[in-house]
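The lines below spell out each chain.
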Amino acid sequence: MTHQIVIIGAGYAGLMAANRLARRLSPGRARVTLVSDAETFVERVRLHQVAAGQAVPEAAVPDVLRGARFVRGRVTGIAPDRRELRLGSTTMAYDTLVYAAGSVADLAGAAGHAFTVAGAEDAGRLRDRVARIGAGGTLAVVGAGATGIELATELAECHPALRVRLLASEEPGVQWSPRARAHLRRVFDRLGVEVVTGAKVVEVDASGARLADGRHVPADAVAWTTGFRVTTLAREAGLAVDGHGRVLVDETARSISHPDVYAIGDAAAVRGPGGRELRMACATALPVGRNAADAIIARLGGREPSPLRFRYVVQCVSLGRRDGLIQFVHADDRPHAMALTGRPAALVKELVVRGATWMARRGMIPQMPGATRSSTRSEPSAATSANAPEANARR
């Protein structure tokens, strides 16, 4: 009997798993189905470019699948006891479920007024708002993680007549090396990005952002980049989850409570070296998606799967189209003193972004020199960028 593998979500992790499974399992052995409510695959790590008014690559999800079946629909419930998904008024059975539902922006007190770049439609709305603001207007970006930095610099470069303020609770890039932080300050000065530190935003209204200390920062629009949340599907289904609702998994990405469910991408609580929680990024999503697919294939063949062996290499951040920052990191994501900056870094970042899509389309990650066959080293992250929570880390 053909084993039914169903994958929820068509982000980097979901595509990697679907394409790898379909490529390595014969149709008679397993049927791979990917379910998503979005029919278009957008490179999430480019959504700050969309917000700035640039055209970015898009593709129909069926066109980037290699042998897997695509079903468009929104999953409204999971019944693990029956191994069944609910899609509106219909159901879909599975033998193995891969949960890659991704994440969305967590607007907290900003709902109703703030813009985000967490999804393609979100970024499009911000793009349209920026176009209406016009010369001399002000846009405030809340959050100085990689997403906030990428968005602020992209907007400032593309719209030099727009006043861009970056509101941050601490110095932007505080997690990086002194060399990286110094370059970041120079870029902000060159592009005219005004940085306001010690700014904890507690509310966004139509006239700007209100800070915890009572100050009000006027703005024609406010972009929120400070956090992400996951859908409540897994919690409601009774899967073991952490305090954020992400599925708790073992070292093969399998649910610790339901052995026929695997979780990958932003929707999974994955741990790396020393038990450290891995960040939301395509640098995490791609290798974890690959490892989950390999674990499923191994178990279907009666073999014990290899655990995830993971290390980070770099963090990549674009600073407009002609500048960038590549922060080299230790295996556990702590920064080295070494950082690449300027145009060479911008080129590397672009290659990383293209490489992430190439890998997701093919269901493979090229073997890095010195890596063993059982290890999974992450590809460079296309930012700890909110446009990439799967693509992007937590900000």
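Now for a look at the structure at hand.

Here is what the cut-offs are and how they apply
Residues numbered from 1 in each chain as written. Predicted model: local features only at pLDDT ≥ 70, side-chain atom pairs only at ≥ 80, totals over all residues. Heavy atoms only, no water. Helix = DSSP H or I, 4+ residues; strand = E, 2+ residues; numbered from the N terminus. Rg over C-alpha atoms; globule rule 2.2 N^0.38 Å. Buried < 20%, exposed > 50% of the residue type's maximum accessible area, 1.4 Å probe, protein only. Contact = heavy atoms within 4.5 Å. Lys, Arg positive; Asp, Glu negative; His and termini not counted. Charge placed at Lys NZ, Arg CZ, Asp CG, Glu CD. Phe/Tyr/Trp six-rings, centres within 6.5 Å; stacked < 30°, edge-to-face > 60°. Lys NZ or Arg CZ within 6 Å of the ring centre and 35° of its normal. Pairing = 2+ DSSP bridges. 1 Å grid on protein atoms, 1.4 Å probe; cavity = no way out; pocket = protein on both sides within 12 Å on 5 of 7 lines; lining within 4 Å. Points joined across faces, edges and corners; volume = space filled by probe spheres on them. Nonpolar A, V, L, I, M, F, W, Y, C, P; charged D, E, K, R; others polar. Axes fitted to C-alpha atoms, helices over the stretch in contact; angles between N-to-C directions. Parallel < 35°, antiparallel > 145°, perpendicular 65-115°, else oblique. Left-handed = near helix turned anticlockwise from the far one by under 90°.

Scanning the protein chain for helices and strands turns up nine helices and 24 strands. The globule rule puts the C-alpha radius of gyration for 395 residues at 21 Å, and the 21 Å found for the protein chain is close to it. Overall, the protein chain is about 65 × 50 × 35 Å in size when its C-alpha atoms are taken along their principal axes. A burial count over the protein chain gives 58% of its 395 residues as buried. A fraction of 65% describes how many contacts in the protein chain between residues 6 or more apart in sequence connect residues 24 or more apart. Mean positive and mean negative side-chain charge positions of the protein chain (52 and 38 charges, respectively) differ by 5 Å.

Applying the stated rule across the entire model yields two aromatic pairs. With centroids separated by 4.8 Å and ring planes inclined at 85 degrees, the aromatic side chains of Phe 310 and Tyr 312 adopt a geometry described as edge-to-face. Each member of the pair, Phe 310 as well as Tyr 312, carries the same accessibility label: buried. Taking the ring centre of Tyr 312 as reference, the NZ or CZ of Arg 279 above it sits at 4.3 Å.

Notably, Arg 83 is not glycine yet its phi reads approximately 50 degrees, a positive angle. Here Arg 83 lies in the loop between β6 (77-79) and β7 (84-87). The exposure class assigned to Arg 83 is partly exposed, which follows from its relative accessible area of 38%. Phi at Ala 253 takes a positive value of approximately 75 degrees, unusual for a residue other than glycine.

Every second residue of strand β17 (residues 221-224) is oriented toward a common face, with Ala 221 and Ala 223 on one face and Val 222 and Trp 224 on the other, all of them buried. Of the pairings in the sheet, the one linking strand β11 (residues 138-142) to β17 comprises four bridges and is parallel in character. Note that in β17 the partner of Ala 140 across the bridge is Val 222.

Below, the discussion takes up empty space enclosed by the protein. According to the stated counting rule, one finds three cavities of 30 Å³ or more in the structure shown. Lining the largest cavity we find Arg 246, Gly 265, Asp 266, Ala 268, Val 270, Leu 278, Arg 279, Met 280, Ala 281, Thr 284, Ala 285 and Val 288. The dominant element in the lining of the largest cavity, judged by the number of residues it contributes, is helix α8 (residues 282-300), at three residues. Here the residues of the lining of the largest cavity sort into seven nonpolar, two polar and three charged.

Between two packed helices, the angle of one axis relative to the other and the distance separating the axes together describe the packing. Following both chains from N to C, one finds helix α5 (residues 146-158) and helix α6 (residues 178-191) inclined at 30 degrees, their axes separated by 9 Å at the closest point. Here α6 runs roughly parallel to α5, going by the angle between their axes. For α5 against α6, the interelement crossing comes out left-handed. Of the residues in α6, those touching α5 at Ile 149, Thr 153, Ala 156 and Glu 157 are Leu 184, Val 187, Phe 188 and Leu 191. Considered class by class, the residues forming the contact of α5 with α6 number six nonpolar, one polar and one charged.

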